[in-house]
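An overview of the molecular structure
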Amino acid sequence: MSTDTKSLTSNEAIRAELESWLDENWSPDRSLLAWRDILVDGGWAATGWPLEYYGRGFDRGQVALVHEIFREKGAVGAASVGPRRLASETILAMGNDDQKRRYLRPILTGEHAWCQLFSEPGSGSDLAGLSTKAELIDGKWVINGQKVWNTSAHHADFGILVARTNWDIPKHQGISYFLIDMRQPGVEVRPLKQMNGHASFNEVFMTDAIVPAEDLVGGEGNGWAVATTTLSYERRGAAPTLSGASTSENPQEGLVYDEYREELKIANEPYTWYPQRQGRVDLVMSRAKETGAISDPVIRQEMAKLFCMSKGAVLASQAAEAKRKSGSNEIVPAGSIGKLAASVIARQSAHVHTMISGADAMLSGPTSAEEGMVAEVLISVPAISIAGGTDEIQRNIISERVLGMPKEQRSDTGPFRDIKRNT
Amino acid sequence: MADLQAFREETKSWLAENCPKGARGPGEVHTGSTKVTVSADTQAWMEMMAEKGWTVPMWEKEYGGAGLSIAQTQVLFEEMSAIDARPPLVNMGTRMLGPTLLEFGTEDQKKRHLNLIARGGAAWCQGYSEPGAGSDLAGLNTRAVASGDEFIINGQKIWTSGAQNADWMFCLVRTDPDVPKHQGISFVLLPMDQPGVTVRPISLISGSSPFCETFLDNAVAERRDLVGQLNEGWSIGKRLLQHERSGQGGLGPSAARSRPVGVSVDLGVAEVGLSYVGVTDGKISDPALRDEVVQWKMQDAAFKATQRRAGAESQNAKAPGEATSIFKLVGSTLAQDKQELIVKLMGNSGTGWEGAAFSKDEIGATRSWLASKAVTIYGGTNEVQANIIAKRVLGLPD
Amino acid sequence: MQTEFTEDQEQFREVVARFLQDKSTPLSVREMMASEAGYDKDVWRQLCEEVGVAGTHIPEAFGGFGFGSIELGVVAEEMGKHLYCGPFFSSSVMAAYALLNIANDSSKVKLLPDIAVGKTLATLVLDSLNSPEAVGRQLVVANNSLSGTAAMVLDAHVADLFVIVARAETGLGLYTIHAGAEGVSVDLLETIDQTRKVSRVSFKNATVERIGHVNSESLDRTWDHICVVLAHEMIGGAQHLLETTIDYTKLRYQFGRPIGSFQGLKHRCADLLMEVEIAKAATHHAARCLDAGEGEAYAASMAKALAADTYMKAAREAIQLRGGIGFTWEEDTQLWFKRAKSSEVLMGTPAIHRERMISMMEQQS
């Protein structure tokens, strides 16, 4: 990252330059792809990225400013929704120049959609226990195995893939990281319907699927380190390094908006129920008033417990963030604690919604409470303590890394071939 | 059936005639200890029942019992409870060691010890836990070395409830330190009144001292009081724990009235709620607290129903199984929750320790609440019970 | 609003912590519990002279240091950690806050300076420690003559000055009377938590001085201030229990390994950490709300409810995870356990504070 550029660029200078650039180049009448080509060439698509790769090496504050200016102008930014961000950030951090040159630009322009091919039916919490096989045959990697929980895989052009290349060494050491073309005969994507009726995920079956040798990231056997990079981006949530309005509210007219709305609709579709799996605490008070449940002292107690937890969790994460910024040595497990708290909150919220609704909690669909949102809460909440690392895994992380409690005895340290696993 | 009806009539009239007034309703229960003086009625009641073999009704007559069937025993208990008669004798001998000796003891051991237990002639204590071996009981360190007709025992036991009043101790000792830990343990019986045994009470947070530390310094157990084979004591010790757990869960009338150790006052949650929180329309005034009371009572009722069902189901089985851990886990949690709830219902009145400002029940409630913190620990912690349930009942892997 | 502690505040915490680590050891706590006075006069004098705790939050105009709720919270949190036994909470917190929020200026000038240096031990006499709404039902004043009983008053047996909220014909008022005055009787009660001495105080035609008019706003504000300090004390205690329990699980071996390596225990410790972190954040937030003058009442009730529930949970877990040793008299965990219980019910149970929160929200939205 070029620190020179950063220190030499004042906020006023950024604003002046970008505003005049947008005035000159932004037009809602282009196609989305045509606009983003201009955006990337102009160096405003990913200002947090280094100079060599479409960026300007801006820090977080500067990127946020760029974001703000795009919003003010109503200009559409680079493609950023969905798993493509995990791919671009990982390639940027761990890929070689050739890979960066080939893959980063189409991600920014939205030309390529990506998916993540990590979890397997036999390895969920224990990701490193994966058994999808990659073999180097005649200079190409041949992939066989099954992945699961692959958000947006049915729309994806490429996937970030972890597969096993060596079975005779400890499990973390025999994993390699690949970029795989999803549009090939050896890759089959099947939607996976959840208990709440949505199908946000897919299963991906790979049968003699091919990855060219040059699409191995980080070298053979170094896949775990690369995957960890991806996961840390995923857990941290999206830090804004791209620019442009990513909100779906764009009332403006024009071809670019039409195409952008379509892009967002597809990309956001898997996530429409996510607020419901968090319990929709925001609906509790109005529901209690509307139904009269607010006058029930038992329900009031449960509501207050819920509000204590949800507000307390926000305050705790702010405190952790402040501590992190101040460079404190204290280990603040903000992510894991926040995730555990989110589960407690979601469950308590579902409990309170149930108490408020009474027998009406049996109903679902658009005519039920809050246009079906309450019903969706009740059947989506069980997902929150599983997705993105189960609560049990979070507790392991907290107790071992934060509290320094001794590690559980392991029985999976030998060669992968000898480890007992799901068949 | 007709026989049973006759037995019921007979029992009913015998009880009506013989159970002293002072042995009915709440009050002291004979423990068999030679070191504790009890009231005349309690003593007489125990002796009369022992005479009939009804202190341990299901044991064979030659060992001091009455050889009653399960159905007859049930009738006896029902009739006792109809006149509010207290159990005549409750101790670790009747509840834990007795059933274990019936299963594993030599004829000599049964004759000597069971008869003594049945007629209330000895109180027993349990030499199991050690400072370094609590949840991991099999990690125990107390050494016993065979010497002629005796074992010489050195070590320290802890949480030996009632040790200060006990006449005998059943004790797990290490007789072979060079084999895997479960394989070097023996089960022995030793008298408490000997120079090598020192008992020191442990003060608890409730201020009472129902438990002791027992120091064994060249204490002696006779060779003939080795129960089972040398180095095979672990399985006997475990079996005894199952009897203990089923007792703590409250199977049978002897346990029905027995409270968790140290819980001195047994108040009803609903009654406390009504008198301390207040009454509106015949209900506890605060709806949120009322809800908590009802939740506890539902749990308690469900637990008791489950115990009855399990009791009926296990009538054919000789001894309680691993499922007794469920009763220990649930029973102790409920007992603890109850005390917690009572103190909560009492509000500021539930923080009294001593003095005239608080009633006897209030102080009792506070102390029982503190004491109840122990019930999820003693006799195998809830965590250990959960492990046993997971492994032995549910068949989950290690 | 501030979201983290400043360097000065952290240094202040260090000073308080170091002092208490020396002077408020479990051994000395046990001595204080067994003593009639319940506190060590020398230690109290040093705390006031060397650390200046008694006047932390009292404005300079009244002889204090003029810091806010955040700094006072720092003191209370450390005191909770070390289970300090002394008149800090009754005099510096309860009585001083009542005077600050309610008393007329001349009384503040007269009374606060001696309280701020710990020379006068004052205590706040309320006839209910459950909720501000219940205050004023037992203590009645007519013609400056006070009668009635306050069932529980902190440190009344050592206090020099009673600051009293009582009902007069004109409404609730704030009154003072000196200990030992005619018509005042103090009975020390035996309670489970001997680290906090409580007495019953009765007045029979005792002549009191009226020093302020109490309205629901000023009483609520006083209540909020006290609750937030108490919440700090509680999170300090909870933090101590969490830390010592974790240490114990690392040292105690069963089944050939430290018990802290068992997932069943680790997961509970992780849950406990989560709750402690949340209660701490809510409590620190409440102090900042008080200092910033926004959303104080809601934040105070939330902090009190969360801190109380968390402290009790930490205390229960601290005993259970220690096994048998945890419920012995000899083991120190019981001291914190008992403090947790008395703190839970003092100034309103968690249920009362939750109800207060919902009432406020209901009116807002």
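Residues numbered from 1 in each chain as written. Chains lettered and ligands numbered in written order. Predicted model: local features only at pLDDT ≥ 70, side-chain atom pairs only at ≥ 80, totals over all residues. Heavy atoms only, no water.

**Describing the overall build of chain A**
- Each helix and strand in chain A was counted, giving 14 helices and 8 strands.
- Relative to the globule expectation of 22 Å for 423 residues, the C-alpha radius of gyration of chain A, 23 Å, shows essentially globular dimensions.
- Projecting the C-alpha coordinates of chain A onto the three principal axes gives extents of approximately 70 × 65 × 45 Å.
- Look at the contacts in chain A between residues 6 or more apart in sequence, and 74% of them connect residues 24 or more apart.
- In the structure as shown, chain A presents an accessible area of about 19,200 Å², 52% of it carried by carbon and sulfur atoms.
- Once the 45 positive and 54 negative side-chain charges of chain A are each reduced to a mean point, those two points are 6 Å apart. (Helix = DSSP H or I, 4+ residues; strand = E, 2+ residues; numbered from the N terminus. Rg over C-alpha atoms; globule rule 2.2 N^0.38 Å. Contact = heavy atoms within 4.5 Å. Areas by Shrake-Rupley, 256 points an atom, 1.4 Å probe, with all protein chains shown as cover. Lys, Arg positive; Asp, Glu negative; His and termini not counted. Charge placed at Lys NZ, Arg CZ, Asp CG, Glu CD.)

**Some points on the overall build of chain B**
- On a plain count of helices and strands, chain B comes out with 12 helices and 11 strands.
- Here the C-alpha atoms of chain B give a radius of gyration of 22 Å, agreeing with the 21 Å that 2.2 N^0.38 yields for 398 residues.
- When the backbone C-alpha atoms are referred to their principal axes, chain B occupies close to 75 × 50 × 45 Å.
- Across chain B, every contact between residues at least 6 apart in sequence was considered, and the portion connecting residues at least 24 apart equals 71%.
- Distance from the positive charge centre (40 side chains) to the negative charge centre (46 side chains) of chain B: 2 Å.

**Comments concerning the interface of chain A and chain C**
- Each side of the interface is counted separately: chain A has 38 residues, and chain C has 35 residues.
- It is R300(A), L403(A) and M405(A) in chain A that bury the most area against chain C; as a group they hold 17% of the surface buried on that side.
- Counting every contact that joins chain A to chain C gives 5 salt bridges.
- Its salt-bridge partner being E400(A), residue K266(C) comes within 2.6 Å of it at the nearest N-O pair.
- Inspection of the region where chain A meets chain C yields 15 residue pairs in polar contact (both at pLDDT 80 or more).
- Those elements that place two or more of their residues in the side of chain A that touches chain C are α10 (284-291), α11 (297-325), α12 (334-357) and α14 (391-402) of chain A.
- At 15 residues, α11(A) tops the list of elements feeding residues into the side of chain A that touches chain C.
- Here the residues of the side of chain A that touches chain C sort into 22 nonpolar, 7 polar and 9 charged. (Buried area = accessible area lost by both parts, 1.4 Å probe. Salt bridge = Lys/Arg side-chain N within 4 Å of Asp/Glu carboxyl O. Polar contact = N/O pair within 3.5 Å; in protein donor to acceptor, adjacent residues only side chain to side chain. Nonpolar A, V, L, I, M, F, W, Y, C, P; charged D, E, K, R; others polar.)

**Focus on unusual backbone geometry**
- In this structure, D138(A) is a non-glycine residue whose phi angle is positive, near 55°.
- Assignment of secondary structure puts D138(A) in the loop between β2 (133-137) and β3 (140-148).
- Its identity as a non-glycine residue notwithstanding, N205(C) has a phi of 50°, on the positive side.
- Here N205(C) shows up in strand β8 (residues 198-207).

**Quick look at the packing of aromatic side chains**
- Summed over all chains, the structure comprises 27 aromatic pairs over all chains.
- Consider the rings of Y103(A) and F158(A), whose centres lie 5.3 Å apart with planes at 75°: the pair is edge-to-face. Highlighted residues: Y103(A) in helix α6 (residues 97-109) and F158(A) in strand β4 (residues 158-164), separated in sequence by 55 residues.
- Here the aromatic rings of F162(C) and F203(C) are separated by 6.4 Å at their centres, their planes lie at 85°, and the arrangement is edge-to-face. Separated by 41 residues along the polypeptide, F162(C) in strand β4 (residues 161-168) and F203(C) in strand β8 bring together distant segments of the chain. (Phe/Tyr/Trp six-rings, centres within 6.5 Å; stacked < 30°, edge-to-face > 60°.)

**Overview of empty space enclosed by the protein**
Residue and element names in this part refer to chain C.
- Evaluation of the coordinates by the stated rule reveals 3 cavities of 30 Å³ or more.
- Considering the residues around the largest cavity, the lining is formed by 20 residues, among which Y84, G86, F89, T195 and R339 are closest to the centre.
- Split by residue class, the lining of the largest cavity holds 11 nonpolar, 4 polar and 5 charged.
- Three or more residues apiece are contributed to the lining of the largest cavity by two domains, here domain 1 (7-116) and domain 2 (122-214). (1 Å grid on protein atoms, 1.4 Å probe; cavity = no way out; pocket = protein on both sides within 12 Å on 5 of 7 lines; lining within 4 Å. Points joined across faces, edges and corners; volume = space filled by probe spheres on them. Domains from an automatic or database assignment.)

**Points about the nonpolar core**
- M303(A), F307(A), W44(C), F88(C) and M347(C) are the most contacted members of the largest nonpolar core, which totals 161 residues.
- Residues within four places of F307(A) in sequence aside, it is in contact with V281(A), V284(A), M285(A), G312(A), Y298(C), M302(C), M357(C), I358(C) and M361(C). (Core = buried A, V, L, I, M, F, W, Y, C linked by side-chain atoms within 4.5 Å. Buried < 20%, exposed > 50% of the residue type's maximum accessible area, 1.4 Å probe, protein only.)

**Let's talk about the domain arrangement of chain A**
- Domain annotation of chain A identifies domain 1 (3-80 + 240-270), domain 2 (113-236) and domain 3 (274-388).
- Of note, the centres of domain 1 of chain A and domain 2 of chain A, computed from C-alpha atoms alone, are 31 Å apart.

**Brief notes about the pattern of salt bridges**
Residues and elements named next belong to chain C.
- Enumeration according to the criterion identifies 70 salt bridges over all chains in this entry.
- Between R221 and E296 there is a salt bridge; the shortest N-O distance is 3.0 Å. With R221 in helix α7 (residues 216-251) and E296 in helix α9 (residues 296-322), this pair connects stretches of sequence that are 75 residues apart.
- Of the residues examined, R221 reaches a relative accessible area of 30% and is grouped as partly exposed.

**A look at the environment of G324(C)**
- As for its position among the elements, G324(C) is in the loop between α9 and α10 (333-345).
- Through-space distance from the C-alpha of G324(C) to that of A166(C) is 47 Å; in sequence the pair is 158 residues apart.

**Some remarks on the domain arrangement of chain B**
Residue and element names in this part refer to chain B.
- Taken as a whole, chain B is organised into domain 1 (2-89), domain 2 (124-230) and domain 3 (259-393).
- On a C-alpha basis, the centroid separation for the pair domain 1 and domain 2 is 32 Å.
- Of the residues lining the interface, 5 residues belong to domain 1; the matching set on domain 2 comes to 6 residues.
- For the pairing of domain 1 and domain 2, the buried interface totals around 350 Å² over both sides, and the portion due to carbon and sulfur atoms is 33%.
- For the interface between domain 1 and domain 2, the tally reads 1 salt bridge.
- A salt bridge links K35 to D193; the nearest nitrogen and oxygen atoms lie 3.1 Å apart.
- The interface formed by domain 1 and domain 2 contains 4 residue pairs in polar contact (both at pLDDT 80 or more).
- A class-by-class count of the residues in the side of domain 1 that touches domain 2 yields 1 nonpolar, 3 polar and 1 charged.

**Looking at the interface of chain B and chain C**
- Between chain B and chain C, the contact holds 34 residues from the first and 32 residues from the second.
- Taking both partners together, chain B and chain C bury about 2,800 Å²; carbon and sulfur atoms supply 66% of that area.
- The interface formed by chain B and chain C includes 13 residue pairs in polar contact (both at pLDDT 80 or more).
- Where the side of chain B that touches chain C is concerned, the elements lending two or more residues are α10 (324-346), β11 (352-354), α11 (360-371) and α12 (382-393) of chain B.
- In terms of residue class, the side of chain B that touches chain C is made up of 15 nonpolar, 13 polar and 6 charged.

**A word on the packing of helix α4 (residues 69-82) of chain C against α7(C)**
Residues and elements named next belong to chain C.
- Across the interface, α4 lies against α7 with an axial gap of 7 Å and an inter-helix angle of 40°. By the angle class used here, α4 and α7 are oblique. Classified by chirality, the crossing of α7 by α4 is right-handed. Residue-level inspection shows S69, L72, G73, V74, A76, E77, G80 and K81 of α4 in contact with α7, the latter providing H225, V229, H232, E233, I235, G236, G237, Q239 and H240.
- Here the contact of α4 with α7 is built from residues that sort into 5 nonpolar, 9 polar and 3 charged. (Axes fitted to C-alpha atoms, helices over the stretch in contact; angles between N-to-C directions. Parallel < 35°, antiparallel > 145°, perpendicular 65-115°, else oblique. Left-handed = near helix turned anticlockwise from the far one by under 90°.)

**Looking at the side chain of R257(C)**
- The topology assignment puts R257(C) in strand β11 (residues 257-258).
- Apart from the residues lying within four places of it in its own chain, the contact partners of R257(C) are E408(A), Q409(A), R252(C) and F262(C).

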